[in-house]
Amino acid sequence: MKNKDIKILLVDDEPDILEIISYNLSSEGYEVFTAKNGAEGVAKAKKKSPHLIIMDVMMPEMDGIEACEMIRNTPGLDNTIIAFLTARGEDYSQVAGFDAGADDYITKPIKPKVLVSKVKALLRRLKDDKKEVEDIVKVGDIVINREEYKIVNDGEEMVLPRKEFELLSLLTSKPNKVFKREVILDKVWGNEVVVGGRTIDVHIRKLREKIGDHHFKTVKGVGYKFVL
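Residues numbered from 1 in each chain as written. Predicted model: local features only at pLDDT ≥ 70, side-chain atom pairs only at ≥ 80, totals over all residues. Heavy atoms only, no water.

### What to know about the packing of helix α6 (residues 162-172) against helix α8 (residues 199-211)
Working step 1: For the pair α6 and α8, interaxial distance at closest approach is 10 Å and the crossing angle is 80 degrees. The orientation of α6 relative to α8 falls into the category roughly perpendicular. Across the interface between the two elements, K163, E164, L167, L168 and L171 of α6 pack against H203, I204, K206, L207, K210 and I211 of α8. (Axes fitted to C-alpha atoms, helices over the stretch in contact; angles between N-to-C directions. Helix = DSSP H or I, 4+ residues; strand = E, 2+ residues; numbered from the N terminus. Parallel < 35°, antiparallel > 145°, perpendicular 65-115°, else oblique. Contact = heavy atoms within 4.5 Å.)

This is how it looks when you write it as structure tokens:
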């Protein structure tokens, strides 16, 4: 997909930020739309169906968290990449954002070249998603429905939280392959997201409880792999 075919929606109540980010992304050839608050952002997202939404957290009328939740519940927009703009140290906003369905964070202030690089990295996920042609995949006794974010394990249907599902989907994409911790963080949480060192371990523990301990092997000092 060429840059001119990629639509990006910017949502922020500060005109200067909208202007700067819009200018830099438009210069790269992207089709850029803007909105000045969460409510306008949701309306424009429904109308334009962007590939990527970059959105501020604190805004009038409707904040970014509520807007993100509404977008995630809109048919056709559930796979849109959403990245929040946040000031350094806003840990609460980051946690709330991920719970609402955000994919990543961009920390303000950010230099234009770094912003463009970050956007390119986020958009690469679109290419990764397109490689996953099959929405329903069977791995051993486990059936994974990527479209509906649910699995069937040994005949029992269950719905997993977003990050647990994405972690399971990643590990099962190549059974017996060892995924390094940094790769898991990058693919599931985003490489610029600051999460605790135990985050992956906690999610693996939850998957072991739900799917079966024998499926998940720890490679000490390296990462994890899924085995049949």
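Moving on from the model shown.
### Focus: the pattern of salt bridges
Working step 1: Applying the stated criterion across every chain yields a total of 16 salt bridges.
Working step 2: The salt bridge involving E28 is made with K120; its shortest N-O contact spans 3.6 Å. A residue pair is termed long-range when its members are at least 10 positions apart, and E28 in the loop between α1 (15-27) and β2 (31-35) and K120 in helix α5 (residues 112-131) qualify at 92 residues.
Working step 3: With relative accessibility at 31%, the residue E28 sits in the partly exposed group.
Working step 4: On the basis of relative accessibility, which here comes to 38%, the residue K120 falls in the partly exposed class.
Working step 5: Through salt bridges that share partners, R72, D103, R162, K163 and E166 make up one connected network. (Salt bridge = Lys/Arg side-chain N within 4 Å of Asp/Glu carboxyl O. Buried < 20%, exposed > 50% of the residue type's maximum accessible area, 1.4 Å probe, protein only.)

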